[in-house]
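# A structural walkthrough
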2 protein chains.
Amino acid sequence: MKKIKIIIADDHELFRNGLKELLKKYNDIDIVDCVGDGEAFLEIIKSTKSIDIVLLDITMPKMDGFEVLNQIKSLNTNIKPIIISMHDDGIYIAKCAKNGAYSYLLKNTDQDELIKVIRIVSEGKKYFSPKISEKMINYMSEQTISENILSKKEQEVLELISKGLTTKEIASKLFVSSRTIETHRANIIKKLEVKNTAELIKKATKINLI
Amino acid sequence: MKKIKIIIADDHELFRNGLKELLKKYNDIDIVDCVGDGEAFLEIIKSTKSIDIVLLDITMPKMDGFEVLNQIKSLNTNIKPIIISMHDDGIYIAKCAKNGAYSYLLKNTDQDELIKVIRIVSEGKKYFSPKISEKMINYMSEQTISENILSKKEQEVLELISKGLTTKEIASKLFVSSRTIETHRANIIKKLEVKNTAELIKKATKINLI
DNA sequence: ATGTGCATCCGTATTTATACGGATATAGAA
DNA sequence: TTCTATATCCGTATAAATACGGATGCACAT
């Protein structure tokens, strides 16, 4: 039988070793290595191939979990990261999900759940528990409060700006003078308290206007 | 005992009525009304207060589910929408989550699951099943493939552009000529195949570069 | 050793965006 | 009704971005 090869990356030694002991008992699991920071982890996976899973903490010295997730993606390995974190903030969860985590567990997760998730993930499936999903979704939906700041026309103009149209193009598309669009642009920029178009689009995206 | 007041909004009459019959059997549930499109639904909730839950389809004539979700948010009611859809695409799920859905069920969900979710949501909690979460998370992480397109410097410049700095400001911040930054800008725009800064920032945000 | 990608630099011309400081008509809210 | 927000329009001036078409030195991989 093929064992699931795992690396543990966590800066708390006690936790790391405890976890190792805990997982030792399972026949289908093989703890290949334990490291205390993100850089050390990356070193290892450069030499050691065929790792299945990394149990990854977010807050680590030198290179944090988010960075590690990014690196894993760009390295084109098939290591599947499971985040084990003490934070249950929606933003953390969403960020990990976005960056390719296969699961997100809290440090107070019980043993059975952990084993269950390891086995699910080892088959290439992602698993996020309903509680974790709820947190993330709450966060995602909160990000959409700020509507109604812009008038309908302004919203329309913003939409077209974001599509790459110039003032002139927008003007002819909406059958108005380009002066009008210029004014709209100026007002939009003022309302969102930004300096220029680049910052505008960034902010508008952030608060979900486009 | 207080019943959970529900409205069903779905354009398929058979499904709508079937669902109604099905839910009739439960003592703690009260189907207040059934409608076939989004506009009709909005009409009803304007007059009828104290609805707890709407079972909402996405594809509907006149006004689709996404629009309805948006309206519900801006109307400041405490109706909790549960999406019942036949699509299990990640993008649909993510969009609903973002727009304030309390749950997302597929039309082939079994009865027990539906009742369970209705009861959970009626208490104000959100619930997304692991399968649905998986779909959504897969979608979210796919949105983040394209790294490594830009060089480090280009990435750095992009970051500063998105913060609203002008070419000149970036140049002096990075101790290089503004010509250099101009070239970087041009190259970034070319690489991401966009027309101008506005579109650039939008795309960069979308593919998670900033 | 040779090539490829990258960071860096330069000039010129045109197009856009931004910053001023106005004005009017209309519709909806107070 | 009066106030307020909105959409629309106008001019002038400067700042910035974009489009051309180049060039060099350096590092890294083949």
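All values derive from a computational prediction rather than experimental measurement. (Residues numbered from 1 in each chain as written. Chains lettered and ligands numbered in written order. Predicted model: local features only at pLDDT ≥ 70, side-chain atom pairs only at ≥ 80, totals over all residues. Heavy atoms only, no water.)

## Observations concerning the sheet that holds strand 5 (residues 103-106) of chain B
Residue and element names in this part refer to chain B. Taken in spatial order, the five strands make up an open sheet running 2-1-3-4-5, and their pairing is parallel. Each of the sheet's edge strands pairs with one partner strand only, and the pair in question is strand 2 (29-35) and strand 5. Here the average twist between neighbouring strands, direction ignored, is 25°. Across four bridges, the pairing between strand 4 (residues 80-85) and strand 5 is parallel. Bridge assignment links Ser85 to a residue of strand 5, and that residue is Leu106. (Pairing = 2+ DSSP bridges. Helix = DSSP H or I, 4+ residues; strand = E, 2+ residues; numbered from the N terminus. Axes fitted to C-alpha atoms, helices over the stretch in contact; angles between N-to-C directions.)

## Section: the protein's contact with DNA strand D
Of all residues adjacent to DNA strand D, which total 17 residues, the nearest are Ser151, Ser177 and Thr180 of chain A together with Thr167 and Thr197 of chain B. The sugar-phosphate portion of DNA strand D accounts for 72% of its atoms within 4 Å of the protein, the bases making up the rest. Within the backbone of Lys153 of chain A, a nitrogen or oxygen atom sits 3.2 Å from a phosphate oxygen of DNA strand D. Sort the elements by how many residues they give to the surface near DNA strand D and helix 9 (residues 178-191) of chain A lands first, with four residues. Counted by class, the surface near DNA strand D contains two nonpolar, nine polar and six charged residues. (Near = heavy atom within 4 Å. Polar contact = N/O pair within 3.5 Å; in protein donor to acceptor, adjacent residues only side chain to side chain. Nonpolar A, V, L, I, M, F, W, Y, C, P; charged D, E, K, R; others polar.)

## Details of the relation of the copies chain A and chain B
Copies of the same chain, two in number, are related to each other by a rotation about an axis and a translation along it. Rotating chain A by 179° and moving it 0.2 Å along the rotation axis overlays it on chain B with an RMSD of 0.5 Å. Seen this way, the second copy is the image of the first under a two-fold rotation axis. A symmetric contact is evident, with 92% of the interface residues of chain A recurring at the interface of chain B. (Least-squares fit on C-alpha atoms with pLDDT ≥ 70 in both. Contact = heavy atoms within 4.5 Å.)

## Comments concerning the sheet that holds strand 1 (residues 4-9) of chain A
Residue and element names in this part refer to chain A. Across the sheet, which stays open at both edges, the five strands sit in the order 2-1-3-4-5 with parallel pairing between neighbours. The sheet terminates laterally at strand 2 (29-35) and strand 5 (103-106), the two strands that pair on one side only. Averaged over all pairs of adjacent strands, the angle between strand axes in this sheet comes to 25°, irrespective of strand direction. Across six bridges, the pairing between strand 1 and strand 2 is parallel.

## Some details on the domain arrangement of chain A
Domain annotation of chain A identifies domain 1 (4-142) and domain 2 (152-206). If you average the C-alpha positions of domain 1 of chain A and of domain 2 of chain A, the two centres end up 42 Å apart. (Domains from an automatic or database assignment.)

## What to know about the protein's contact with DNA strand C
Taken together, 17 residues form the shell around DNA strand C, and within it Thr167 and Thr197 of chain A together with Ser151, Ser177 and Thr180 of chain B come nearest. The protein-proximal atoms of DNA strand C, defined as those within 4 Å of the protein, are 75% sugar or phosphate. Note that a phosphate oxygen of DNA strand C is positioned 3.3 Å from one of the side-chain N or O atoms of Arg185 of chain A. At a separation of 3.2 Å, a phosphate oxygen of DNA strand C approaches a polar backbone atom of Lys153 of chain B. Broken down by secondary-structure element, the contributors of at least two residues to the surface near DNA strand C are helix 8 (167-173) and helix 9 of chain A together with helix 7 (152-162) and helix 9 (178-191) of chain B. The element that contributes the greatest number of residues to the surface near DNA strand C is helix 9 of chain B, accounting for four residues. Taken together, the residues of the surface near DNA strand C break down into two nonpolar, nine polar and six charged.

## Side note on helix 10 (residues 197-206) of chain B
An α-helical turn contains 3.6 residues, so a residue and the one three or four places further along point in the same direction. Of all ten residues making up helix 10 of chain B, seven are buried, and the element is well covered by its neighbours. When helix 10 of chain B is considered as a whole, its buried residues turn out to be Thr197, Ala198, Glu199, Leu200, Ile201, Ala204 and Thr205 of chain B. Buried residues in helix 10 of chain B make contact with helix 7 (152-162) and helix 10 (197-206) of chain A together with helix 7 and helix 9 of chain B. (Buried < 20%, exposed > 50% of the residue type's maximum accessible area, 1.4 Å probe, protein only.)

## Overview of the interface of chain A and chain B
Interfaces are often sized by the amount of accessible area the parts lose when they come together. Listed per partner, the contact involves 37 residues of chain A and 35 residues of chain B. Buried surface at the junction of chain A and chain B, both sides included, amounts to about 3100 Å², of which 60% is carbon and sulfur. Looking only at chain A, the three residues that lose the most surface to chain B are Lys98, Lys126 and Ile137 of chain A, adding up to 18% of its buried area. Linking chain A with chain B are zero salt bridges, by the criterion used here. At the junction of chain A and chain B, the tally comes to three residue pairs in polar contact (both at pLDDT 80 or more). Taken together, the elements giving at least two residues each to the side of chain A that touches chain B come down to helix 3 (65-75), helix 4 (90-98), helix 6 (130-142), helix 7 and helix 10 of chain A. (Buried area = accessible area lost by both parts, 1.4 Å probe. Salt bridge = Lys/Arg side-chain N within 4 Å of Asp/Glu carboxyl O.)

## Thoughts on the packing of helix 7 of chain B against helix 10 of chain B
All names here are of chain B. The contact between helix 7 and helix 10 brings their axes to 11 Å, and the two run at 110°. Relative to helix 10, the element helix 7 is oriented roughly perpendicular. Only Thr197, Leu200, Ile201 and Ala204 of helix 10 make contact with helix 7, whose side of the interface consists of Leu158, Ile161 and Ser162. Its residues placed into classes, the contact of helix 7 with helix 10 shows five nonpolar, two polar and no charged. (Parallel < 35°, antiparallel > 145°, perpendicular 65-115°, else oblique.)

## Observations regarding the packing of aromatic side chains
The tally for this structure, following the rule as stated, stands at two aromatic pairs over all chains. For the pair Phe66 of chain A and Tyr92 of chain A, a centre-to-centre distance of 5.7 Å together with 65° between the ring planes defines the contact as edge-to-face. One end of the pair, Phe66 of chain A, is in helix 3; the other, Tyr92 of chain A, is in helix 4, and 26 residues separate them in sequence. Looking at Phe66 of chain A, the relative accessible area reads 12%, which means it is buried. Owing to a relative accessible area of 23%, Tyr92 of chain A belongs among the partly exposed residues under this scheme. One Lys or Arg, Lys126 of chain A, reaches over the ring of Tyr102 of chain A and ends 5.2 Å from the middle of that ring. Cation over ring: Lys95 of chain B sits above Phe66 of chain B, and NZ or CZ is 4.2 Å from the ring centre. (Phe/Tyr/Trp six-rings, centres within 6.5 Å; stacked < 30°, edge-to-face > 60°. Lys NZ or Arg CZ within 6 Å of the ring centre and 35° of its normal.)

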